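Single-letter residue listing:
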Amino acid sequence: MRTIVLLLAVCLLLSTLPAQAAESASGPQLSAATTDAPEHMDRELAREHQRFTQFARQQVERMNANIIGGKHSMQIRKASDGLYHASYKAIDLGEVVFRVHRAKHDPRYFVGDIVYKELVMESVGQSAEACRKGSFEPVAEKSNRIIYSSKRGGGWK
């Protein structure tokens, strides 16, 4: 029964997240997904869900800003066809999922995880500067998951 409830919570969370990341002049922004916990959660679990969501948003934004091979360290190479290719890594902020549940071994502990996709974005142009300023499209993706824990309001680690 608990598994069914958790699956329903995940489905509810997935259905509330937007399908695509918003792209602005300064780069992608974390979407304003709801921080409301599903109704079936008890108050303590709902509170931890809200705390974890706030904590996880900050973590994801920090990871995206500091990602190795990110926009700040864009790679530009000249292909054999004479065109330049610029690429960098970024987290797909519109597809990030935050989940929280009680630990099976001890209900005083909570487990939260962040599920996200790391994208390789690429642009092609006639010159290095043209491709750097061009429109970037995702050419590869890699799924990732980070697990955190908390003991009854003790903070997420």
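Figured I'd write up the structure that's included with this text. (Residues numbered from 1 in each chain as written. Predicted model: local features only at pLDDT ≥ 70, side-chain atom pairs only at ≥ 80, totals over all residues. Heavy atoms only, no water.)

The next subject is helix H2 (residues 43-66). End to end, H2 covers 35 Å across 24 residues, agreeing with the expected 34 Å (1.5 Å per residue, within 8%). Among all positions in H2, only Glu 44, Leu 45, Glu 48, His 49, Phe 52, Thr 53, Ala 56, Arg 57, Gln 59, Val 60 and Asn 64 are buried. Two or three places before Glu 44, at the start of H2, stands the capping residue Asp 42, its side-chain oxygen 3.1 Å from that residue's backbone nitrogen. (Helix = DSSP H or I, 4+ residues; strand = E, 2+ residues; numbered from the N terminus. Expected span 1.5 Å × (residues − 1). Buried < 20%, exposed > 50% of the residue type's maximum accessible area, 1.4 Å probe, protein only. Polar contact = N/O pair within 3.5 Å; in protein donor to acceptor, adjacent residues only side chain to side chain.)

Going through the model one piece at a time under the given rule, you end up with five aromatic pairs. For the ring pair Phe 52 and Phe 55, a centre distance of 6.2 Å and an interplane angle of 40 degrees mean the geometry is tilted. One end of the pair is Phe 52 and the other is Phe 55, both in helix H2 and three residues apart, which spans about a single turn. For Phe 52, a relative accessible area of 0% corresponds to the buried category. Seen from their ring centres, Phe 55 and Tyr 148 are 5.1 Å apart, and the 85 degrees between their planes marks the pair as edge-to-face. Within this pair, whereas Phe 55 is found in helix H2, its partner Tyr 148 is found in strand S7 (residues 137-151), the two being separated by 93 residues in sequence. Among the aromatic residues, those joined into a ring-pair cluster are Phe 52, Phe 55, Tyr 148 and Trp 156. (Phe/Tyr/Trp six-rings, centres within 6.5 Å; stacked < 30°, edge-to-face > 60°.)

Moving on, we get to the pattern of salt bridges. Tallied over the entire structure, the rule returns 11 salt bridges. Among the salt bridges present, the one from Glu 44 reaches Arg 102, with a minimum N-O distance of 3.3 Å. With Glu 44 in helix H2 and Arg 102 in strand S5 (residues 97-102), the pair connects residues that are 58 residues apart, well separated along the chain. In terms of burial, Glu 44 and Arg 102 fall into one category: buried. Residue Glu 118 pairs with Lys 89 through a salt bridge whose shortest N-O separation is 3.9 Å. Taken as a pair, Glu 118 in strand S6 (residues 109-125) and Lys 89 in strand S4 (residues 84-91) lie far apart in primary sequence, 29 residues in all. Of the residues examined, Lys 89 reaches a relative accessible area of 33% and is grouped as partly exposed. Look at the salt bridges and you will find they share partners, linking Asp 42, Glu 44 and Arg 102 into a network. (Salt bridge = Lys/Arg side-chain N within 4 Å of Asp/Glu carboxyl O.)

A few words on the pairing of S4. With six of eight residues buried, S4 is to be regarded as a mostly interior element. Note: strand S3 (residues 75-78) against S4, four bridges, orientation antiparallel. Of the residues in S4, the one forming a bridge with Ile 76 is Ala 86. Between S3 and S4, which pair antiparallel in sequence order, lie five residues; one of them, Gly 82, sits at a positive phi of approximately 90 degrees. In terms of strand pairing, S4 meets S6 through eight bridges, oriented antiparallel. (Pairing = 2+ DSSP bridges.)

As a further point, take the nonpolar core. Residues Phe 52, Val 60, Ile 91, Val 96, Phe 98 and Ile 114 are the most contacted members of the largest nonpolar core, which totals 15 residues. Elements that contribute at least two residues to this core include exactly H2, S5 and S6. The dominant element in this core, judged by the number of residues it contributes, is H2, at four residues. Judged by nonpolar contacts, the second largest core, of eight residues, contains Ala 86, Ala 90, Met 121 and Phe 136. (Core = buried A, V, L, I, M, F, W, Y, C linked by side-chain atoms within 4.5 Å.)

For the rest of this paragraph, the subject is the side chain of Asp 106. Its place among the elements puts Asp 106 in the loop between S5 and S6. Here Arg 108 takes part through its side chain, which lies 2.7 Å from a polar atom of the side chain of Asp 106.

Scope: geometric values only; no functional claims are made or implied.
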